[in-house]
Amino acid sequence: MELTDLTCRAVGCRARILKTEIFCARHLAMCQSDVRRVLERKFRPGRKQSHVFDVNLKLAVKEILYYQTEGHHVPRDVEFEF
Ligand SMILES: [Zn+2]
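Small disclaimer: the values here were computed from a predicted structure and weren't measured. (Residues numbered from 1 in each chain as written. Predicted model: local features only at pLDDT ≥ 70, side-chain atom pairs only at ≥ 80, totals over all residues. Heavy atoms only, no water.)

Draft legend 1. Spatial organisation of the side chain of His27. If you trace the backbone, His27 turns up in helix 1 (residues 25-28). According to the relative accessible area criterion, His27 is buried, its value standing at 1%. (Helix = DSSP H or I, 4+ residues; strand = E, 2+ residues; numbered from the N terminus. Buried < 20%, exposed > 50% of the residue type's maximum accessible area, 1.4 Å probe, protein only.)

Draft legend 2. The nonpolar core, seen in detail. In this structure, Cys8, Ile22, Phe23, Leu39 and Leu57 are the most contacted members of the largest nonpolar core, which totals 17 residues. Looking at which element gives the most residues to this core, the answer is helix 3 (residues 51-70), with 5 residues. (Core = buried A, V, L, I, M, F, W, Y, C linked by side-chain atoms within 4.5 Å.)

Draft legend 3. Structural context of helix 3. With 20 residues, helix 3 extends 29 Å from end C-alpha to end C-alpha; this agrees with the ideal 28 Å at 1.5 Å per step. Every buried residue of helix 3 is listed here: Phe53, Asn56, Leu57, Ala60, Val61, Glu63 and Ile64. Along the axis of helix 3, the buried positions cluster into a sector of 165°, meaning they face one direction only. Exposed residues pointing more than 90 degrees away from the buried face of helix 3 are listed as His51, Lys58, Lys62 and Thr69. (Expected span 1.5 Å × (residues − 1). Arc of directions from axis to C-beta.)

Structure (structure tokens):
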């Protein structure tokens, strides 16, 4: 594991994260949507992130703020996974 001075990308969070992480564990748990799946697929540790990543990161940060404000996940249509 490589030590870094990176911090969690959630607003106001100062938790240290690894180069291979997007959010700290606490905030990652608050982001459980398709957005997170996109982020995890597009994430390029230690490199400049793609536009798609940046756009979805903003959505994820908003989703986390929503969770912190409302105490539950953003309501969404029921998803079926097979
Ligand atoms: Zn955090």
